[in-house]
Amino acid sequence: MEPMVTHILFATDLSHNSTYALRHAAALAQSTGAKIHVLHVNEPLSDDAKVTMEMFILNEDTRKKATERRHEMVRKVLAERQANFWAKFEGDDAKIKDQVASIEVTDGHPAEVILRRSQELGCDLIVLGAHDHGFSHTFLGTVAKRVLRRSAIPTLIVPHPTSG
């Protein structure tokens, strides 16, 4: 029987629960030999945020640089979280990191980008964490529901373990 899972799209909102979900994606990749594609989608700035930026940052070039810094910060946080995550593995488990085929930060509406990239990358499974108060407060609510409703491939929503 051919492996059913060869490419996993792990979508992260950079919350702490998304790291927990990555453990599940890594375990699945280890057991199936699948490649892992890590994706974070920057949600578009709201109209209110754009107006606020225009009010307080009058220079257009400075506004553009502020937006670029937002992207740089997200890339930095993602890189730090990835490094911290993989540093905890030892021995054969540390080799799972070699199965990470891509790490991508992009802009757009998260559900649409997750679905599009899963097709473009030829993924067989989407993994994302259940709602946690992270960078994208509404990640599970809206995004996961949209992904679940519209995905043509299996989608795993990993709940965060409750403490206590």
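Preceding this paragraph is the structure being described.
Sequence order sets the numbering: in each chain, residues are counted from 1 along the sequence as written. Per-residue local features of the predicted model are confined to residues with pLDDT of at least 70, and side-chain atom pairs are confined, for both listing and counting, to 80 or more; whole-chain, interface and lining totals are unaffected and use all residues. In computing side-chain properties, one takes all heavy atoms of the structure into account and sets aside hydrogens as well as water.

**Section: the overall build of the protein chain**
Here's step 1: Helix and strand definitions here come from DSSP, where helices need a minimum of 4 consecutive H or I residues and strands a minimum of 2 consecutive E residues; each element is numbered from the N-terminal end. In terms of regular secondary structure, the protein chain is built from five helices and five strands.
Here's step 2: Seen in sequence order, the protein chain has helices and strands lined up from the N terminus as β-α-β-α-α-β-α-β-α-β.
Here's step 3: The C-alpha atoms of the protein chain give 17 Å as radius of gyration, which agrees with the globular expectation for 164 residues (15 Å, within 12%).
Here's step 4: Accessibility here uses a 1.4 Å probe with only protein chains present; expressed as a share of the type maximum, an area under 20% marks a residue as buried, one over 50% as exposed, and anything in between as partly exposed. When each of the 164 residues of the protein chain is scored for burial, the buried share is 37%.
Here's step 5: When contacts within the protein chain are restricted to residue pairs at least 6 apart in sequence, long-range pairs at least 24 apart make up 81% of them. Radius of gyration means the value over C-alpha atoms here, while the globule rule gives 2.2 Å times the residue count to the 0.38 power. Contacts were defined at the residue level, with two residues in contact if any of their heavy atoms lie within 4.5 Å.

**Observations regarding helix α4 (residues 110-120)**
Here's step 1: Restricting attention to buried positions, one finds in α4 the residues Pro110, Ala111, Val113, Ile114, Leu115, Arg117 and Ser118.
Here's step 2: A positive phi of about 70° marks Gly122, the residue just after α4.

**A look at the sheet that holds strand β1 (residues 7-11)**
As a general point, the strands of a sheet are linked pairwise by backbone hydrogen bonds and lie either parallel or antiparallel.
Here's step 1: At least two bridges found by DSSP between two strands are what make those strands a pair. What the five strands build is an open sheet, ordered β3-β2-β1-β4-β5; its pairing is parallel. Either end of the sheet is taken by a strand with one partner, and the two such strands are β3 (100-107) and β5 (155-158). In this sheet, adjacent strand axes meet at a mean angle of 20° when their direction is disregarded.
Here's step 2: As paired strands, β1 and strand β4 (residues 125-129) are joined by four bridges and run parallel to one another. Following the sheet pairing, Leu9 is matched in β4 by Ile126.
Here's step 3: Interaxial angle, 0 to 180 degrees, is taken between N-to-C directions of lines fitted to C-alpha atoms, where a helix line uses only the stretch in contact. Sitting on the sheet, helix α1 (residues 16-32) is in contact with β1, β2 (35-42), β4 and β5, with an inclination near 175° to β1.

**Re the packing of aromatic side chains**
Here's step 1: Ring pairs shown here join Phe, Tyr and Trp side chains whose ring centres sit within 6.5 Å, with only the six-membered ring taken for Trp; geometry is labelled stacked below 30 degrees between planes, edge-to-face above 60, and tilted in between. Applying the stated criterion to the full structure yields three aromatic pairs.
Here's step 2: Here Trp86 and Phe89 contribute two aromatic rings whose centre-to-centre distance is 5.4 Å and whose plane-to-plane angle is 40°, an arrangement assigned as tilted.
Here's step 3: By relative accessible area, Trp86 is classed as buried at 7%.
Here's step 4: Residue Phe89 is classed as partly exposed on the basis of its relative accessible area of 22%.

So, to be careful, I would describe these as geometric facts and stop short of saying anything about function.
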